Amino acid sequence: MSEAPSSEDGRDLIFLRSLNLKATTGVDSWKRPKPQPILLSLWLKTSVALAGSTDHLPYSIHYGTVCKSVSKLVENGAFKSLEHLAEDVAHLALGQELRGEWVKVSIEKPRALLRADAAGISIVRRRDGEVVKKEGEDRVFVKDLRLVTIIGVNPWEREERQNVIINLTLHKPTQDDGGVGDFDKGYDFRAITNTVSEYVEKSDYKTVEAFVTALAREACVTCGVSKVTVRAEKPSALTFAKAAGVEITRERSFFELEQAEPGKEGMHDVFIALGSNLGDRYKNINDAVAEMERRGLKIKKTSSLYQSAPMYVTDQPTFLNGTCQVETTLSPEDLLKELKSIEDALGRVKTIVNGPRTVDLDILLYDALTMSTPTLTIPHLSMLEREFVLRPLCDIAPNRAHPHTSTAFKHHLAAVPPSPPGTPPLRTYVKISPTTPPLDPSNSTRDTLIMAVLNLTPDSFSDGGKYNHNNLLDTVRSFVEAGASIIDIGGQSTRPGARDVGEEEELRRVIPAIEAIRGAGIDIPISVDTYRASVARKSIAAGANIINDISAGLLDSDMLSTVAGLNVPIVLMHTRGTPETMNSLASYHDLINDIKAELGSRVKAAEEAGIRRWNILLDPGLGFAKTMEQNLEIIRRLSEMRGGGLPWVLGPSRKRFVGTVTGVAAAGERQWGTAGAVAACVAGGADVVRVHDVAEMKKVVDMAVAIWRG
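Rules of the game
- Residues numbered from 1 in each chain as written.
- Predicted model: local features only at pLDDT ≥ 70, side-chain atom pairs only at ≥ 80, totals over all residues.
- Heavy atoms only, no water.
- Helix = DSSP H or I, 4+ residues; strand = E, 2+ residues; numbered from the N terminus.
- Buried < 20%, exposed > 50% of the residue type's maximum accessible area, 1.4 Å probe, protein only.
- Patch = residues over 30% accessible without salt bridge, like charges linked within 9 Å, V, L, I, M, F, W, Y side chains within 5 Å.
- Areas by Shrake-Rupley, 256 points an atom, 1.4 Å probe, with all protein chains shown as cover.
- Salt bridge = Lys/Arg side-chain N within 4 Å of Asp/Glu carboxyl O.
- Expected span 1.5 Å × (residues − 1).
- Arc of directions from axis to C-beta.
- Contact = heavy atoms within 4.5 Å.
- Polar contact = N/O pair within 3.5 Å; in protein donor to acceptor, adjacent residues only side chain to side chain.
- Core = buried A, V, L, I, M, F, W, Y, C linked by side-chain atoms within 4.5 Å.
- Axes fitted to C-alpha atoms, helices over the stretch in contact; angles between N-to-C directions.
- Left-handed = near helix turned anticlockwise from the far one by under 90°.
- Nonpolar A, V, L, I, M, F, W, Y, C, P; charged D, E, K, R; others polar.
- Pairing = 2+ DSSP bridges.

Brief notes about the environment of Leu168
When you line up the elements, Leu168 lands in strand E7 (residues 162–171). Overall, Leu168 belongs to the buried group, its relative accessible area being 2%. It is 8.4 Å that separates the C-alpha atoms of Leu168 and Asp144, two residues lying 24 residues apart in sequence.

The structure is reproduced here in structure tokens:
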């Protein structure tokens, strides 16, 4: 319906409310092109301050003049539609005769529909110089549509049909296009009312909440409306109230549900919840997923992992939770038996319901099946009240519909009731090594880790030849003492135009360094900067913990499957081409969205190769297929890229764009510019920064964390 605007924004209003007129605006309720009564309301924003202080009407817009001008236009014209009429009235109000600057026009046709009090349209227009522009959404509405249906949770409410009163508001998209004023078949209130009426009279709902959601779905999906507000009232619901009801507003995207991909014949698409709160929780979950694979369940996707406070029975350790999507030929009952067997094999001992457990594997969804037996209920009975189930599920299937509600799980997640006061929030859990606390991108007060660059290459852009096996251990120890949390070892330069030194030379540089660090008892996590699967495999065997691939698996087709088999974290960095060609590939349609999309495709490829989502970190690739302006924009808009539970690694240190901005040609002298970039990365949400000058940048990070995350 059309709500009256307010003068609370400081602009005064002149208005006409429910002006009775006669107009031809298309056809009547019997589809005849005849004149019909309309009720026209109009609000003009202006200033009445001068007229108010002088009591002199010419200083205002006279509503009598407005009434005469509008009446003349309406009753002497013929209009194709309500849209056409509303647009002409708006142009009149904003034209030279009435001199308005902003106008809202609402037109009702009381006899437009047989079972509704009225239908109509509401628009807002403003004058910008000599041009009339659209402001906000145009709204087509149906007022007090009276229908009958079965609705109610009580047995006596379901014995016969009862009256419901429905109000619909159809919101048109806000873009200002050349079709303003034209009739839009997608917003034909007659056609939409007929569709809704037919649906209502066949419906049978227990709750008004489900009823209005279903009507919104009919409007958006069946009729193609982009956004709708539905209000439903039950006049007979309460003895001492005129009515009770529910109102919702939904966009079409709310109902865009993901369909299960067709699998091979006899294969079933299943989602399984993972949980552990005893022993080494991370190992327990990894072992459970590995055991599922060993027993023939194909793991298609895994979620991020989340730490959650215990629910129901609160006197027990914190849980680690996740979800995996699997493909299986097993029936639901046989799958349940297999999962219970895996729990037993991993040492689960049942004590009390919802009590502590080494590992817990629950079937959440099995295709679109609904079933209930004494031993198994699908969908899982309590999943919609558990954030620790819905959040990981939404990592991998946010648009999948719950079989009972036909509503996407992302919307169920948004509707989860808040936890009791004092309950710790759900936290992301990304483990990068056995000796380092997990990363938690969801924690607004988290620290940012320092990844220290250790280039064992003679041709790196800023420190080529500086580090070698003679000073290696002293260098690593100095990095650790200065505050480094990760050492990133590289044996192949990836600077623009760098020459490929080959696998053998890269291994000769990297492997002895890893072995020397581990041989000296230094247990700091080691990341290896390589795009070769063979180097990754041998580096992990030598004692490294993380693979840092500048190509996100594009330069070696075996990289992703190799890392999946190693079950270690991998940094997927955005780039294009090779180090030799990337500078010529820095053309983007929409920089941030293009990087997000291209990295998203690499995450998908990693998942399809078998890499667990909880092992993935992302890097936007500063300096790789980016111009100076693009690097700055990435740092400036980093917060727009973050999300989805994945940590972000950024490497601005000593890069060419830092030197260009600060006017420092020598890469080794770019500490001050790097400091500014590092601080901005922390402010944008970086979880790890990759730097050369460890002691200096650690101080910068500490200060930036204190300012932006304190």
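Considering a nonpolar patch on the surface
On the surface, a cluster of nonpolar side chains totalling about 350 Å² of accessible area is made up of Met703, Ile707 and Trp708. In this fold, Met703 is placed in helix H19 (residues 694–708).

A closer look at unusual backbone geometry
Residues Ile378 and Pro379 are joined by a peptide bond in cis, for which omega reads -5°. Among the secondary structure elements, Pro379 is positioned in the loop between strand E17 (377–378) and helix H8 (387–396). A positive phi angle, close to 55°, is found at Ser18, a residue other than glycine. The residue Ser18 is located in strand E1 (residues 12–23) in this model.

As for helix H4 (residues 189–202)
End to end, H4 covers 20 Å across 14 residues, agreeing with the expected 20 Å (1.5 Å per residue, within 8%). Where H4 is concerned, the buried positions are Phe189, Arg190, Ile192, Thr193, Val196, Ser197 and Val200. On an axial view of H4, the arc spanned by its buried residues comes to 160°, and they lie on one face. In H4, the exposed residues that point more than 90 degrees away from the buried face are Glu198 and Lys202. Residues of H4 that are buried in the fold lie against helix H3 (82–94), strand E3 (102–109), strand E4 (116–128), strand E6 (139–151), E7 and helix H5 (208–222). The residue sitting at the N-terminus of H4 and contributing the capping side-chain oxygen is Asp188; that oxygen lies 3.0 Å from the backbone nitrogen of Arg190.

Details of the nonpolar core
Ranked by internal contacts, the top residues of the largest apolar core, which has 78 residues, are Ile489 and Leu572. Ranked by residue count, the leading element in this core is helix H14 (residues 591–609), at 7 residues. Setting aside residues up to four positions removed in sequence, Ile489 forms contacts with Leu454, Leu456, Val510, Ala513, Ile514, Ile517, Ile526, Ser527, Val528 and Asp529. Membership of the second largest hydrophobic core comes to 64 residues, among which are Leu98, Ile151, Leu215 and Val230.

What to know about the packing of helix H10 (residues 472–482) against helix H11 (residues 503–519)
Contact pair H10 / H11: the axes reach a minimum separation of 10 Å and the direction vectors enclose 65°. Our pair here, H10 against H11, has a crossing hand that is right-handed. Of the residues in H11, those touching H10 at Leu472, Leu473 and Val476 are Ala513, Ala516 and Ile517. Broken down by class, the residue content of the contact of H10 with H11 amounts to 6 nonpolar, no polar and no charged.

Some details on the side chain of Ser304
Secondary-structure assignment places Ser304 in the loop between strand E12 (298–302) and strand E13 (305–308). Owing to a relative accessible area of 2%, Ser304 belongs among the buried residues under this scheme. A distance of 3.5 Å separates a polar atom in the side chain of Ser304 from a polar atom in the side chain of Arg613. The residues touching Ser304, leaving out its near neighbours within four places in the chain, are Asn321, Gly322, Pro392, Asp395, Arg613, Trp614, Gly644, Gly645 and Leu646.

Some words on the sheet that holds strand E23 (residues 570–573)
Read from one edge to the other, the open sheet built from 8 strands follows the order E24-E23-E22-E21-E20-E19-E26-E25, with strand pairing classed as parallel. Two strands bound the open sheet, and with one partner strand each, they are strand E24 (616–619) and strand E25 (649–650). Across 5 bridges, the pairing between strand E19 (residues 449–455) and strand E20 (residues 486–490) is parallel. Considered in E20, the bridge of Met451 is made with Ile486. Contacts between H10 and the sheet are confined to E19 and E20, with E19 contributing the most and set at about 165° to the helix.

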